[in-house]
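Read off the chains here:
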Amino acid sequence: MIGIWLGLVVALLVGCALGTPPDAPPEPHSRSWVRGDFDDATAAVFAAATWTEMALGRNGPSHIETLPDGLTRAVYTLHTIRDERVYFEVRLPPDAQPGRYEVICRVGRFSNPALERDFVRAFETRLEQLRGIGATPIRK
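Quick caveat: nothing in here was measured; it's all calculated off a predicted structure.

**Q** Mind showing me how you'd approach the environment of Arg31 here?
**A** Inspection of the secondary structure puts Arg31 in strand β1 (residues 31-35). Arg31 gets classed as partly exposed once you look at its relative accessible area, which sits at 35%. On a C-alpha basis, the gap between Arg31 and Glu89 in space is 9.4 Å, while along the polypeptide they are 58 residues apart. Once residues lying within four places of it in the same chain are set aside, the contact partners of Arg31 are Arg91, Glu102, Val103 and Ile104.

**Q** Just checking my understanding: could you explain the environment of Val86 for this structure?
**A** Locating Val86 in the fold gives a position in strand β5 (residues 85-92). For Val86, a relative accessible area of 0% gives the class buried. Discounting chain neighbours no more than four positions away, the residues touching Val86 are Met54, Tyr76, Thr77, Leu78, His79, Thr80, Cys105, Arg106 and Val107.

Parameters and conventions
- Residues numbered from 1 in each chain as written.
- Predicted model: local features only at pLDDT ≥ 70, side-chain atom pairs only at ≥ 80, totals over all residues.
- Heavy atoms only, no water.
- Helix = DSSP H or I, 4+ residues; strand = E, 2+ residues; numbered from the N terminus.
- Buried < 20%, exposed > 50% of the residue type's maximum accessible area, 1.4 Å probe, protein only.
- Contact = heavy atoms within 4.5 Å.

From the geometry alone we can't say anything about function, so treat these as descriptive.
So this is what it looks like as structure tokens:
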């Protein structure tokens, strides 16, 4: 009997420790569409991270790939000031309208809708500032 309970406790602890993989796609509720230049996404992520008190996990996207169905995506890993992992993905479907693409944002294991909205708004604000040709200073 003790062995069964011990086995259940160990299984529970291992399951909780494994959790969600770092690049697991988030829940569908955190998806939205934005307008801008796909090439400006990394610059917009840097600015949005600063404005929402986050840090980019690396110097850019953790990976950029084009899938067999033609979807191009860039995945960014960030961290909040509370050390919550932030998953941010920029998706450019092959059939999307020019200058329009989908973003997915998920803050923490259980989501933080308010911070996710703030980050996406900051991302959109910076994309709007970067529209066109030339240098654009960061301003909030």
